[in-house]
Amino acid sequence: MTHTKPAAQTSAAPGTEPERAGWSGRQLVVVLVIGTAALMVSLTQSLLVPVLSELAVDLNAGQDGVAWLLTSTLLVGAVAVPAFGRLGDLFGTRRMLLVTIGALVVGSLICALANDLTTMIVGRSVVGLAVAAVPLSISLIGVSLPRGHAPAGIALISAMLGVGGALGLPLAGLIAQYADYHVLFWVCVGGGLLTVPGIVLLVREPARVAKGRMDLIGTALLGAAMLALLLPLAQGASWGWTSPWTLGLLGAAAVLLLVFVLVELRLRSPLVDVRTTARPSLLLTNIASLCVGFALFATLIGTASYVQAPAATGYGFGQSVLAGGLCMLPGGIAMLLLSPLSARLRPRTALIVGSLIIAAGFATRMVLVDSLWQVVLGATISGAGTGIAYAAMPGLIIHAAPRSELAAANGLNALFRSVGSSLASAIGGAILAAQTISLAGHELPSLGGYRILFAICAGAAVGAAVLAVFIPRHASTADAALPEH
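Residues numbered from 1 in each chain as written. Predicted model: local features only at pLDDT ≥ 70, side-chain atom pairs only at ≥ 80, totals over all residues. Heavy atoms only, no water.

A. Seen up close, the overall build of the chain. Each helix and strand in the chain was counted, giving 20 helices and 2 strands. Long-range contacts, defined as pairs at least 24 residues apart, comprise 80% of the intrachain contacts of the chain with a sequence gap of at least 6. Surface summary for the chain: the accessible area is close to 19600 Å², and the carbon and sulfur share equals 67%. (Helix = DSSP H or I, 4+ residues; strand = E, 2+ residues; numbered from the N terminus. Contact = heavy atoms within 4.5 Å. Areas by Shrake-Rupley, 256 points an atom, 1.4 Å probe, with all protein chains shown as cover.)

Rendered as structure tokens:
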């Protein structure tokens, strides 16, 4: 008697059929919904930069006080990212993503209704919890889509980190020029609310494979270490880089990180699996992420302010805040359009290619300084490389991290990017403050200062490419986190 196999059993080997099949409508909507959530969160990173001076006047606060609107989000996010990553592994990635989107909506609503600095800082601190939404989104996409589509979805979500930063500046500039800055926060409220029903109705909670309990001791230690590291980086310019507070906190950060590692090695259910994280596949990826995060933030601080500088500086173009932000727009579009290229390349190759393109963009910025289009060209090249490199990193993480630690591993990778951005802010700010010219009684950054910053960024990008060369081609846990369906 001849037996005929059911259709489901005659398909190709696991993972091959989804690669040939096209995207379903549901899959596209899932990526769109989660991508919008990641975009709204990443917008919060740069949205306030163009309107800080207006906030200082409206809230009757000094520049140091207004700077806390950025610093508070940074510090809370540094603690929230690894904590929510582990919570996602233990209690559900989709559930924790909804919690972080809720934090975005609530925090933005507080800011939208605020008329004093203290309330605004409270709102921005709550928004800091939402920073964890991006690595959670990456993890959720990675285990929700079929293997054939997961890399493209991951690449798109990851690129939102750069896209949001690039789009935030022109959007803020537009609103600052034609409307009240409170509109910025209402945009975040509306965008966050729009994503919640889609996530609830369309995105399934992946099966949880992590076991154990939340590591409260490790969370407290890592949170304290990140606060001790990032606070002096954010405030070092005003405190003084050799002040007791700056040096003391940096020393405390080193001690706390050492204690954190020693404690995590002894726990059965650690916040961060130090042994797994120390594997070359993850360690080198995270360090490369720090380098790329450094370059991206330097692009933001080195483009808008550059073109807004008076023409008398010898390099500036005297453009408005809106025009300065619009110069970043082509780079943001390039990130969005080229991020799928990472899905077609091996993640390791994509990181190398993207990093070298970033370096080429900064080299262009150092040489071509005569016309506004040349500045836009250099920023766009860097943006294109950032889109490819950023999109490659979760691919490396998802192939190297065990499924039970996927959200935590993506969270740690996002934390390294954040540290890179903080280093760029601190080092870039110090360079531009030290290399100045006097113009009409005001000290402005010199062209030489910008060139030094661009050279450091190019070096960081080349460093990321070199690190990527040494990332093992095949991790021992490869494909552990990728679904077969």
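Following the structure, the description resumes.
B. The arrangement of the environment of Gly142 in detail. In this structure, Gly142 sits in helix H7 (residues 133-144). Look at Gly142 and you get buried, because its relative accessible area is 0%. C-alpha separation for the pair Gly142 and Pro394, spaced 252 residues apart in sequence, amounts to 8.7 Å. (Buried < 20%, exposed > 50% of the residue type's maximum accessible area, 1.4 Å probe, protein only.)

C. A nonpolar patch on the surface, seen in detail. A cluster of nonpolar side chains, namely Ile333, Leu336, Leu337, Leu338 and Leu341, defines an oily patch on the protein surface of about 410 Å² accessible area. Note on placement: Leu341 falls in helix H16 (residues 329-344). Classification of Leu341 by relative accessible area gives partly exposed; the value is 34%. (Patch = residues over 30% accessible without salt bridge, like charges linked within 9 Å, V, L, I, M, F, W, Y side chains within 5 Å. Salt bridge = Lys/Arg side-chain N within 4 Å of Asp/Glu carboxyl O.)

D. Seen up close, the confidence of the model for the chain. Per-residue pLDDT for the chain has a mean of 77; in total, 88% of the residues score no lower than 70. Low confidence marks residues 1-20, where pLDDT is under 50. Its contacts with residues over four positions away, or in another chain, come to 14 contacts. Counting interchain partners and residues more than four positions distant, the pLDDT-below-50 stretch residues 475-485 has 40 contacts. (pLDDT = per-residue confidence, 0-100.)

E. Just empty space enclosed by the protein, in detail. What the rule picks out here adds up to 3 cavities of 30 Å³ or more. Roughly 50 Å³ of volume is contained in the second largest cavity. Lining the second largest cavity are Thr44, Leu47, Leu48, Ser108, Arg124, Val127, Phe185 and Cys188. For the lining of the second largest cavity, the class distribution of residues is 5 nonpolar, 2 polar and 1 charged. (1 Å grid on protein atoms, 1.4 Å probe; cavity = no way out; pocket = protein on both sides within 12 Å on 5 of 7 lines; lining within 4 Å. Points joined across faces, edges and corners; volume = space filled by probe spheres on them. Nonpolar A, V, L, I, M, F, W, Y, C, P; charged D, E, K, R; others polar.)

F. View of the side chain of Ser382. Structurally, Ser382 is set in helix H18 (residues 372-400). Classification of Ser382 as buried rests on a relative accessible area of 2%. For Ser382, the residues in contact, after removing those within four places along its chain, are Thr299, Ile358, Gly361 and Phe362.

G. Structural context of the packing of aromatic side chains. For the coordinates displayed, the defined rule picks out 4 aromatic pairs. Judged by centre distance (4.9 Å) and plane angle (75°), the ring pair of Tyr306 and Tyr450 falls under edge-to-face. You can see Tyr306 sitting in helix H14 (residues 304-308) and its partner Tyr450 sitting in helix H20 (residues 447-469), a full 144 residues away along the chain. Like Tyr306, the residue Tyr450 is buried in the burial classification. Positioned over the ring face of Tyr306 is Arg365, at 5.0 Å from the centre of the ring. (Phe/Tyr/Trp six-rings, centres within 6.5 Å; stacked < 30°, edge-to-face > 60°. Lys NZ or Arg CZ within 6 Å of the ring centre and 35° of its normal.)

H. The environment of Ala207, seen in detail. Here Ala207 shows up in the loop between helix H9 (182-202) and helix H10 (216-239). According to the relative accessible area criterion, Ala207 is exposed, its value standing at 59%.

I. Main features of the environment of Val375. Mapped onto the elements, Val375 comes out in helix H18. The exposure class of Val375 is buried, given its relative accessible area of 0%. On a C-alpha basis, the gap between Val375 and Gly361 in space is 9.6 Å, while along the polypeptide they are 14 residues apart. Residues in contact with Val375, not counting those within four places in the same chain, are Thr303, Tyr306, Val307, Phe317 and Arg365.

J. How the structure looks around helix H17 (residues 347-367). Look at H17: 30 Å from first C-alpha to last across 21 residues, which is about the 30 Å you get at 1.5 Å a residue. Looking at H17, one finds that the buried residues are Arg348, Ala350, Leu351, Ile352, Gly354, Ser355, Ile358, Ala359, Gly361, Phe362, Thr364 and Arg365. (Expected span 1.5 Å × (residues − 1).)

K. Molecular detail of the packing of helix H5 (residues 93-113) against helix H6 (residues 117-129). One way to put it is that H5 packs onto H6 with a least axis distance of 7 Å and a crossing angle of 165°. One way to sum up the angle between H5 and H6 is to call them roughly antiparallel. Crossing hand, H5 versus H6: left-handed. Taking contact as the criterion, the partners of Thr100, Ala103, Leu104, Val106, Gly107, Ser108, Ile110 and Cys111 in H5 are, on H6, Thr119, Met120, Gly123, Arg124, Val126, Val127 and Leu129. The class makeup of the residues in the contact of H5 with H6 is 9 nonpolar, 5 polar and 1 charged. (Axes fitted to C-alpha atoms, helices over the stretch in contact; angles between N-to-C directions. Parallel < 35°, antiparallel > 145°, perpendicular 65-115°, else oblique. Left-handed = near helix turned anticlockwise from the far one by under 90°.)

L. Representation of the side chain of Glu264. Position of Glu264 relative to the elements: it lies in helix H11 (residues 244-266). Beyond its immediate chain neighbours, meaning those up to four positions away, Glu264 contacts Asp215, Gly218, Pro270, Leu271, Val272 and Val274.

M. Just the nonpolar core, in detail. Ranked by size, the top nonpolar core spans 124 residues in total, and within it Leu55, Met120, Tyr306 and Leu351 carry the most contacts. Broken down by element, the residue count for this core peaks at 12 residues, all from H20. Of all hydrophobic cores here, the second largest spans 5 residues; its members include Leu282, Ile397, Ala400 and Ala409. (Core = buried A, V, L, I, M, F, W, Y, C linked by side-chain atoms within 4.5 Å.)

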